[in-house]
Protein chains: 2
Amino acid sequence: MAATPTDVKEYPNAFVFKIDVPGLKSDQLKVQVEDDNTLVVSGERKREKEKDAGVNYIRMERRLGKYLKKFALPENANTEKISAVCQDGVLTVTVEKKPPPEHKKPKTIEVNVA
Amino acid sequence: MAATPTDVKEYPNAFVFKIDVPGLKSDQLKVQVEDDNTLVVSGERKREKEKDAGVNYIRMERRLGKYLKKFALPENANTEKISAVCQDGVLTVTVEKKPPPEHKKPKTIEVNVA
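Rules of the game
Residues numbered from 1 in each chain as written. Chains lettered and ligands numbered in written order. Predicted model: local features only at pLDDT ≥ 70, side-chain atom pairs only at ≥ 80, totals over all residues. Heavy atoms only, no water. UniProt positions renumbered as here; feature names shortened; annotations may be inferred. Core = buried A, V, L, I, M, F, W, Y, C linked by side-chain atoms within 4.5 Å. Buried < 20%, exposed > 50% of the residue type's maximum accessible area, 1.4 Å probe, protein only. Contact = heavy atoms within 4.5 Å. Pairing = 2+ DSSP bridges. Helix = DSSP H or I, 4+ residues; strand = E, 2+ residues; numbered from the N terminus. Axes fitted to C-alpha atoms, helices over the stretch in contact; angles between N-to-C directions. Buried area = accessible area lost by both parts, 1.4 Å probe. Salt bridge = Lys/Arg side-chain N within 4 Å of Asp/Glu carboxyl O. Polar contact = N/O pair within 3.5 Å; in protein donor to acceptor, adjacent residues only side chain to side chain. Nonpolar A, V, L, I, M, F, W, Y, C, P; charged D, E, K, R; others polar.

For chain A, the name recorded in an unreviewed UniProt entry is SHSP domain-containing protein, with Acer negundo as its organism. Quoted verbatim from the Sequence similarities (unreviewed entry) heading of the UniProt record, the comment on chain A is "Belongs to the small heat shock protein (HSP20) family." Note on chain A: under the UniProt heading Subcellular location (unreviewed entry), the record states "Cytoplasm".

Structure, rendered in C-alpha cells:
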C-alpha cells in the first residue's frame, strides 16, 4: 500500500487531505500529529485469511501491508483542530487554519508644529 | 483509475474478483456479462466540483475518470449466478461455478456364456 495516492487542497479556512485507502475501515486507520507540524497517517491492510485449503490465487494485484505517510503541515495549520472521516475507502483529514494575526491598528504619531 | 488493482481467486465453488474502487459507491459501478464469457466492470470517479473559488490544489495524485476492466471467464463459470457487493471502496464480484458434468454410470455389458 506504499503508493496510496493523496490529494491535498487548500481552502480559505482549512487544508484537506484525501487519501485512497480501499478496504480499510475507520478503526484500522490512525491519524496523528508529530512535533506539532507533521500529519502522520498509518494503517494496515491485511490479507484475508483463507480457511479453505482449496483456494487458487489467479491474480494478485492489490497491495497489502502497512501504510505510513507523513505530511509536513504549513505554519498556519491549527493542529488542535483536525478531524478525520473514512468513507467508501477514502480517508478525508481536515486541518483547520489558524486565524491570521490581527492587524495592529496603525499608530498615529502626532506631528507637532515645530 | 485505469490501473485499478484486482485480485482474482478460485474457490471450489466460485471465482471471486476483488477490485479496489476507492470513492465509488454501489450506484456508480456497473457489472455486466458480455458474450456469456466476459465480465465487464465499469465506473467513473468524478472530481468533486468546487463551489469555492479560493481553492488551491497542492497535490493531486488520486486518479479520476472512467474505469473499465474486462475479465475473461473460464468455461465453467456460471454467468447466471453472479453477485456483486461494494464495501469500503472494494468491489467484490462472485461468479459461481457450473456443477461438474455428472459422471455417467458405467454401463455393464452382460457377458453371456458362449
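**Student:** Teacher, can you tell me more about the nonpolar core here?
**Tutor:** Within soluble globular proteins, side chains that are nonpolar generally end up buried alongside one another. Core analysis: the biggest nonpolar cluster contains 17 residues, and Phe17, Ile19, Val21, Leu39, Val41, Leu91 and Val95 of chain A have the highest contact counts within it. Residue contacts for isoleucine 19 of chain A: discarding those within four places in its chain leaves Thr4, Pro5, Thr6, Val41, Tyr67, Phe71, Gly89, Val90 and Leu91 of chain A. Among the nonpolar cores identified, the runner-up in size contains 16 residues, and Val8, Leu39, Leu91 and Val95 of chain B belong to it.

**Student:** Even after reading the chapter, I still don't get the sheet that holds strand S4 (residues 38–45) of chain A, so can you show me in this structure?
**Tutor:** All names here are of chain A. Taken in spatial order, the three strands line up as S3-S4-S6 in an open sheet, and their pairing is antiparallel. Only two strands of the sheet have a single neighbouring strand rather than two, namely strand S3 (29–34) and strand S6 (65–72). With strand direction ignored, the average angle separating the axes of adjacent strands in the sheet is 15 degrees. Pairing between S4 and S6: eight bridges, direction antiparallel. Among the inter-strand pairings, valine 41 is bridged to a residue of S6, identified as lysine 69.

**Student:** Explanation requested: the interface of chain B and chain A in the structure shown.
**Tutor:** Counting from both sides, the interface comprises 36 residues of chain B and, opposite them, 36 residues of chain A. With both chains or domains summed, chain B and chain A bury close to 3,200 Å², and 47% of this area falls on carbon and sulfur atoms. The tally of links from chain B across to chain A stands at 10 salt bridges. Between lysine 69 of chain A and glutamate 61 of chain B there is a salt bridge, and its shortest N-O distance comes to 3.5 Å. At the boundary of chain B with chain A, the tally comes to 20 residue pairs in polar contact (both at pLDDT 80 or more). Of all elements in the fold, only strand S1 (6–10), strand S2 (14–20), strand S5 (56–60) and strand S6 (65–72) of chain B reach the threshold of two or more residues within the side of chain B that touches chain A. In terms of residue class, the side of chain B that touches chain A is made up of 13 nonpolar, seven polar and 16 charged. With four bridges connecting them, strand S1 (residues 6–10) of chain A and S5 of chain B associate as antiparallel partners. Looking across to S5 of chain B, one finds that aspartate 7 of chain A is bridged to methionine 60 of chain B.

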